[in-house]
Amino acid sequence: MKLWGGRFESGPSEVFERFSNSLHFDRRLLAVDVRGSQAFARSLTRAGVLAEAECATLCEAFDAIRADAEGENAAAFFAGADDEDVHSFVIHKLKLRVGALADKIHTGRSRNEQVSLDTRLWLREECDRTRELVKSLMGELLELAAKYPNAVIPGYTHLRRAQPVLWPHYLLAYFEMLARDYDRLGDARRRVNVMPLGSGALAGSGFPHDREAIARDLGFASITANSMDVSADRDFALDYLYAASVVMIHLSRLAEDWILYSSEEFGWMELGDGVTSGSSLMPQKKNPDSLELIRGKSGRVIGALNSLLFTMKGLPMTYNRDMQEDKEPLFEAADQANGCLEMACCVAESVVLHPDVPFAAAEESWVVATDLAEALARNGTAFHQAHQIVGRLVLDSLRNGKKPADWSAEALAAFAPEFTADVARLLDPREGMKTREIAGGTGPGVVAAALAAARVRLSEMA
Ligand code: ARG
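About the criteria used
Residues numbered from 1 in each chain as written. Predicted model: local features only at pLDDT ≥ 70, side-chain atom pairs only at ≥ 80, totals over all residues. Heavy atoms only, no water. 1 Å grid on protein atoms, 1.4 Å probe; cavity = no way out; pocket = protein on both sides within 12 Å on 5 of 7 lines; lining within 4 Å. Points joined across faces, edges and corners; volume = space filled by probe spheres on them. Helix = DSSP H or I, 4+ residues; strand = E, 2+ residues; numbered from the N terminus. Nonpolar A, V, L, I, M, F, W, Y, C, P; charged D, E, K, R; others polar. Phe/Tyr/Trp six-rings, centres within 6.5 Å; stacked < 30°, edge-to-face > 60°. Lys NZ or Arg CZ within 6 Å of the ring centre and 35° of its normal. Near = heavy atom within 4 Å. Polar contact = N/O pair within 3.5 Å; in protein donor to acceptor, adjacent residues only side chain to side chain. Areas by Shrake-Rupley, 256 points an atom, 1.4 Å probe, with all protein chains shown as cover. Buried < 20%, exposed > 50% of the residue type's maximum accessible area, 1.4 Å probe, protein only. Contact = heavy atoms within 4.5 Å. Core = buried A, V, L, I, M, F, W, Y, C linked by side-chain atoms within 4.5 Å.

(A) Highlighting the layout of surface pockets. The volume enclosed by the largest pocket comes to roughly 530 Å³. Together, 22 residues line the largest pocket, and Gly155, Tyr156, Thr157, Tyr170 and Tyr261 are the ones closest to its centre. Elements supplying a minimum of two residues to the lining of the largest pocket: strand E1 (152–157), strand E2 (160–166), helix H8 (167–192) and helix H11 (235–261). Residue composition of the lining of the largest pocket, by class: 13 nonpolar, five polar and four charged. Put simply, the second largest pocket is a space of about 340 Å³. Lining the second largest pocket are 14 residues, with Ser262, Ser263, Glu264, Lys286 and Asn287 sitting closest to its centre. Residue composition of the lining of the second largest pocket, by class: four nonpolar, six polar and four charged.

(B) The arrangement of the packing of aromatic side chains in detail. Applying the stated criterion across every chain, the model contains 15 aromatic pairs. An angle of 65 degrees between the planes, with centres 4.8 Å apart, marks the rings of tryptophan 122 and phenylalanine 331 as edge-to-face. Linking tryptophan 122 in helix H7 (residues 111–147) with phenylalanine 331 in helix H13 (residues 327–350), this pair joins segments that are 209 residues apart in sequence. Centre to centre, the rings of tryptophan 407 and phenylalanine 415 are 5.7 Å apart; their planes meet at 80 degrees, and the pair counts as edge-to-face. Every member of this aromatic cluster is reached through a ring pair, and the members are Tyr148, Tyr156, Trp167, Tyr170, Tyr174, Tyr261, Phe266 and Trp268. Above the face of the phenylalanine 8 ring, arginine 7 is positioned so that its terminal group lies 5.6 Å from the ring centre. Above the ring of phenylalanine 78, the side-chain terminus of arginine 27 is found at 3.8 Å from the ring centroid.

(C) Main features of the site of the ligand. Every residue close to the ligand is listed here: Ser22, Asp85, His87, Arg111, Asn112, Val115, Tyr319, Gln324 and Lys327. A distance of 2.4 Å is found between an oxygen atom of the ligand and a side-chain nitrogen or oxygen belonging to tyrosine 319. Contacts to the ligand include lysine 327, whose side-chain N or O atom sits 2.6 Å from an oxygen atom. Burial of the ligand by the protein amounts to 87% of the accessible area it has alone, namely 350 Å². With three residues, H7 is the single largest residue contributor to the shell around the ligand. Residue classes in the shell around the ligand are distributed as two nonpolar, four polar and three charged.

(D) The arrangement of the side chain of aspartate 233 in detail. Topologically, aspartate 233 is positioned in the loop between helix H10 (227–232) and H11. Note on aspartate 233: relative accessible area 10%, which makes it buried. A polar contact of 3.3 Å, which involves the side chain of aspartate 233, links it to the side chain of arginine 120. The contact partners of aspartate 233, leaving out residues within four places of it in the chain, are Arg120 and Met323.

(E) Region of the structure containing the nonpolar core. In terms of nonpolar packing, the biggest core is built from 108 residues, with Leu94, Leu137, Trp167, Tyr170, Leu251, Trp258 and Met269 touching the most fellow members. The contacts of tryptophan 167, once residues within four sequence positions are left out, are Leu144, Ala145, Tyr148, Ala151, Ile153, Met269 and Leu353. By size, the runner-up hydrophobic cluster in this structure holds 20 residues, among which are Leu372, Trp407, Leu426 and Leu427.

(F) Representation of unusual backbone geometry within the structure. With omega at -5 degrees, the peptide bond leading from methionine 317 into threonine 318 counts as cis. Despite not being glycine, histidine 158 shows a phi value in the positive range, around 55 degrees. Its location among the elements puts histidine 158 in the loop between E1 and E2. Residues other than glycine seldom take positive phi values, yet leucine 159 does so here, at roughly 55 degrees. Looking at where leucine 159 falls in the secondary structure, it is placed in the loop between E1 and E2.

(G) The arrangement of empty space enclosed by the protein in detail. Scanning the entire structure with this criterion turns up one cavity of 30 Å³ or more. In this model, the largest cavity occupies a volume close to 30 Å³. Lining the largest cavity are Leu251, Leu254, Ala255, Trp258, Leu291, Ile294, Ala344 and Val347. Looking at the lining of the largest cavity, the elements that each hand over two or more residues are H11, helix H12 (289–312) and H13. Grouping the amino acids of the lining of the largest cavity by side-chain chemistry returns eight nonpolar, no polar and no charged.

Keep in mind that these numbers describe shape and distance, not what the molecule does.
Structure below.
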């Protein structure tokens, strides 16, 4: 069924119908379309357009349509539908149920406001789902941190061993990224949660809707302020896509870390059998496919953001059919982001760290060099001089195959008089961390406190 036609002498070509039809993907909005239409019927009733009894009949029919669409025979319900989009489909089904009364439901309503409403209703729930999953992963990271509270790993810059850090400190870095993701998704949700109905096609409805009442009915925090903006705006979808893209960048980086750390070359950790795959040819392989797929799928979500950015760029005011292209990227991004978060939770739960391996990596390299240089500086040597002295110590050690532990306090003092006895203790990577009891640092005291604070923050997250 078409929601238009009077001014046409002939119908659309088969090619154009096939080309422009969106029902195969926007049917996903059916439940929210029904919900929005029921609220619209109630508003038309308050405005004196529909009688109470008509409203009740329509709302019941909408319920039945939703039940059909979600029931066992859903496939048959949609089969053969040639409606342009989900909005037309629902009204078509309404007409089959209630006859001529169905012709009143679209009084003064445009699909431009309707699609904005539906997308907002759908996306509001999706924001909540993504936020819940972000929270779950934050919880998993805290558990994984608490399993190895004292484990020491080399922290990296340029993928070169840099300075020793605590394992929980490393995981708390991701906790912070995800906390910001949670916030960003909350910001997106706030901009999604604004009620557009009553805007008409672009100029505002010609019927006296109480728009605040519609907002209350559908649980929106406020109403949109400009009808042209409603028809033209997809910022709220872009906000979600951006927030989801940043989530995916974080997941992708975590995945990359753990692909490396679980490799034979690093050997720090083992991923569970349940999240890894074997090779069809090489019997020994245990591949980190779950993490590789997370890393791979991040491209699809970032692609979805770009897709809608490019779609919106340069569209004249207000609605243009181009905007129908918003839905597939949006659905895709939400599905992928949620799926990847769920997968990441399982992987995190499965990780077994072998703390002695990263500790050995820290011990055998010169990650304590900064600790030594800072100690010299604390004892009065200018930092640049201290840096030079320790640099020479590292060069000498590398030439002679010496690790930090191979140096005695006496040998150090002989190398340079600035190396007093108290400095030698910093050859142990655990010792230098104790000098970093600064807010946000890797000192064992502040890390333990940060872990405890993170638990509280997580429990208090709205
Ligand atoms: N299927 C359309 C979309 O998603 C609904 C709005 C159609 N409006 C219109 N004026 N053709 O954008």
